[in-house]
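Descriptive structure summary
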Number of protein chains: 2
Amino acid sequence: MDCKEKILSTRDDIFNGKIFKVKVHDIELPDGKPANREIVEHHGGVGVIAVTPEREVFMVTQYRIAADEMMLEIPAGKLEKGEDPYDAGMRELCEETGYKTDKLEFLGEYYATPGYCTEKLSIYLATNLEYAGQHLDPGEFLSVSKIPLDKLYEMVMNNEIRDCKTAIAILKAKAIFG
Amino acid sequence: MDCKEKILSTRDDIFNGKIFKVKVHDIELPDGKPANREIVEHHGGVGVIAVTPEREVFMVTQYRIAADEMMLEIPAGKLEKGEDPYDAGMRELCEETGYKTDKLEFLGEYYATPGYCTEKLSIYLATNLEYAGQHLDPGEFLSVSKIPLDKLYEMVMNNEIRDCKTAIAILKAKAIFG
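Residues numbered from 1 in each chain as written. Chains lettered and ligands numbered in written order. Predicted model: local features only at pLDDT ≥ 70, side-chain atom pairs only at ≥ 80, totals over all residues. Heavy atoms only, no water.

1. So, the overall build of chain A
- When helices and strands are counted, chain A shows three helices and 12 strands.
- Projected onto its principal axes, the C-alpha coordinates of chain A cover approximately 60 × 35 × 30 Å.
- Taken over 178 residues, chain A has a buried fraction of 52%.
- Surface summary for chain A: the accessible area is close to 7900 Å², and the carbon and sulfur share equals 47%.
- Each charge class in chain A can be summarised by its mean position, and for the 22 positive and 32 negative side chains these summaries are 3 Å apart. (Helix = DSSP H or I, 4+ residues; strand = E, 2+ residues; numbered from the N terminus. Buried < 20%, exposed > 50% of the residue type's maximum accessible area, 1.4 Å probe, protein only. Areas by Shrake-Rupley, 256 points an atom, 1.4 Å probe, with all protein chains shown as cover. Lys, Arg positive; Asp, Glu negative; His and termini not counted. Charge placed at Lys NZ, Arg CZ, Asp CG, Glu CD.)

As structure tokens, then:
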């Protein structure tokens, strides 16, 4: 059986925001029955785990209104439409932490919540860091800290990291650096 | 500086779907300036990594229309409003794989994409598996396979796993089982 869902028609005028759009597809299921699929359309995001020669990681703490809490995350941001995730990673790392690098290593591309949302998150590893100056976007309020990789790994294993991309980045960095 | 964003008013009639709702908050930033925040409201999800005594993991493959691809994921599902993630994990594991267990071990609660979405994903580890019969929801089409944990870990490290919760679950299970 072909498991792909056939799109019969789409309502795409539901919400057209700055961060995401909402569409609803009327579809035909693999067994021929009708159903619909609610979709959040998002251009994608990027996160960068930046590790110093002393095995410390640059982390940002910011208030996230969707979570209604201060969250500890790797530097991250939203792609502009059509933007290359690598370029966005370079930009966000420098804007948020003030550090730049000459090269990012790809740690994978992940769907945040593939049941209804098109957002793909690309994750990169940055080393060879050099200070260049922090440039936060207007309306962006965050604080930067340096935390040992081994401490962050312990926090993931103790369920104290609450952001998906951040947990993946820390676990993969720990596997790479040992 | 208090970094919390103050909600001044909310438009909550934008979209009221079966899977998520959309709201827009008009807020005051920490520096007193106005802004707005687009929010996807979702009741949360659960994922279960089920590991056999032979270190094999039950995985599901299904078409995800938001990704427009077949995806390899741990068994997972959406919470009903107010549902306990533990109970939902027990239910989804059995419905999707046909296997039940007497106890789930908590591997953390993660925001899928905390910039704009309220969805929290709880992840659990299941062992002591016993066959009880698969019961898929109407409209749910997926195939179940058993894949060695070490093979899945290799796939995560090679960037071949494309779902956030699945990558976290595999990396944490590998850290636990060695």
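2. What to know about the sheet that holds strand S6 (residues 69–73) of chain A
Residues and elements named next belong to chain A.
- Strands sit in the order S6-S5-S12 across an open sheet of three strands; the sheet is antiparallel. Two strands lie at the open edges of the sheet, namely S6 and strand S12 (143–148), each paired on one side alone. Averaged over all adjacent pairs, the angle separating strand axes in this sheet is 30°, with direction ignored.
- Sheet topology places strand S5 (residues 56–64) next to S6; five bridges connect them, and they run antiparallel. (Pairing = 2+ DSSP bridges. Axes fitted to C-alpha atoms, helices over the stretch in contact; angles between N-to-C directions.)

3. Quick look at the layout of surface pockets
- Empty space within the largest pocket amounts to approximately 1200 Å³.
- In this structure, the largest pocket is lined by 43 residues; those nearest its centre are Arg37(A), Ile19(B), Arg64(B), Lys78(B) and Glu140(B).
- At the level of secondary structure, the elements contributing two or more residues to the lining of the largest pocket comprise strand S3 (34–41) of chain A together with strand S4 (45–50), strand S5 (56–64), strand S7 (76–78) and helix H1 (85–97) of chain B.
- Of the residues in the lining of the largest pocket, the class split is 15 nonpolar, nine polar and 19 charged.
- Reported here for the second largest pocket is a volume of approximately 1000 Å³.
- No other element matches the five residues that strand S3 (residues 34–41) of chain B contributes to the lining of the second largest pocket.
- Class assignment of the residues belonging to the lining of the second largest pocket gives a composition of 15 nonpolar, eight polar and 17 charged. (1 Å grid on protein atoms, 1.4 Å probe; cavity = no way out; pocket = protein on both sides within 12 Å on 5 of 7 lines; lining within 4 Å. Points joined across faces, edges and corners; volume = space filled by probe spheres on them. Nonpolar A, V, L, I, M, F, W, Y, C, P; charged D, E, K, R; others polar.)

4. Quick look at the sheet that holds strand S4 (residues 45–50) of chain A
All names here are of chain A.
- In spatial order, the strands read S7-S4-S10-S9; together these four strands make up an open sheet with mixed pairing. In the strand order of this sheet, the two ends are held by strand S7 (76–78) and strand S9 (104–111), each with one partner. With strand direction ignored, the average angle separating the axes of adjacent strands in the sheet is 20°.
- By the bridge criterion, three bridges tie S4 to S7 in an arrangement that is antiparallel. Counted as the bridge partner of Gly-47 is Ala-76 from S7.

5. Regarding helix H3 (residues 164–177) of chain A
Residues and elements named next belong to chain A.
- In this model, H3 (14 residues) spans 20 Å end to end at C-alpha, consistent with the 20 Å of a helix rising 1.5 Å per residue.
- Among the 14 residues that make up H3, 11 are buried, leaving the element largely enclosed by the rest of the structure.
- Restricting attention to buried positions, one finds in H3 the residues Cys-164, Lys-165, Thr-166, Ala-167, Ile-168, Ala-169, Ile-170, Leu-171, Lys-172, Ala-173 and Lys-174.
- In the stretch just after H3, Gly-178 is the one whose phi turns positive, near 80°. (Expected span 1.5 Å × (residues − 1).)

6. Re the confidence of the model for chain A
- For chain A, mean pLDDT is 95; residues scoring 70 or higher make up 99% of the total.
- Our summary of model confidence lists the complex with pTM equal to 0.97 and ipTM equal to 0.97. (pLDDT = per-residue confidence, 0-100.)

7. What about the interface of chain B and chain A?
- Tallying the contact residues gives 67 residues for chain B and 67 residues for chain A.
- Interface of chain B and chain A: buried area, both sides summed, is about 5600 Å²; carbon and sulfur atoms make up 67% of it.
- For the pair chain B and chain A, the number of links is four salt bridges.
- Of the charged contacts, one joins Asp68(A) and Lys4(B) as a salt bridge, the two residues approaching to 3.2 Å between their closest N and O atoms.
- When residues of the side of chain B that touches chain A are assigned to their parent elements, the largest contribution, eight residues, is made by helix H3 (residues 164–177) of chain B. (Contact = heavy atoms within 4.5 Å. Buried area = accessible area lost by both parts, 1.4 Å probe. Salt bridge = Lys/Arg side-chain N within 4 Å of Asp/Glu carboxyl O.)

8. Some details on the nonpolar core
- Core analysis: the biggest nonpolar cluster contains 49 residues, and Ile49(A), Met59(A), Leu152(A), Ile170(A), Ile49(B), Leu152(B) and Ile170(B) have the highest contact counts within it.
- Beyond its immediate sequence surroundings of up to four residues, Ile49(A) is in contact with Val57(A), Ile74(A), Leu107(A), Tyr124(A), Leu125(A), Ala126(A), Ala169(A), Ile170(A) and Ala173(A).
- Of all hydrophobic cores here, the second largest spans 16 residues; its members include Phe15(A), Cys117(A), Ile14(B) and Val22(B). (Core = buried A, V, L, I, M, F, W, Y, C linked by side-chain atoms within 4.5 Å.)

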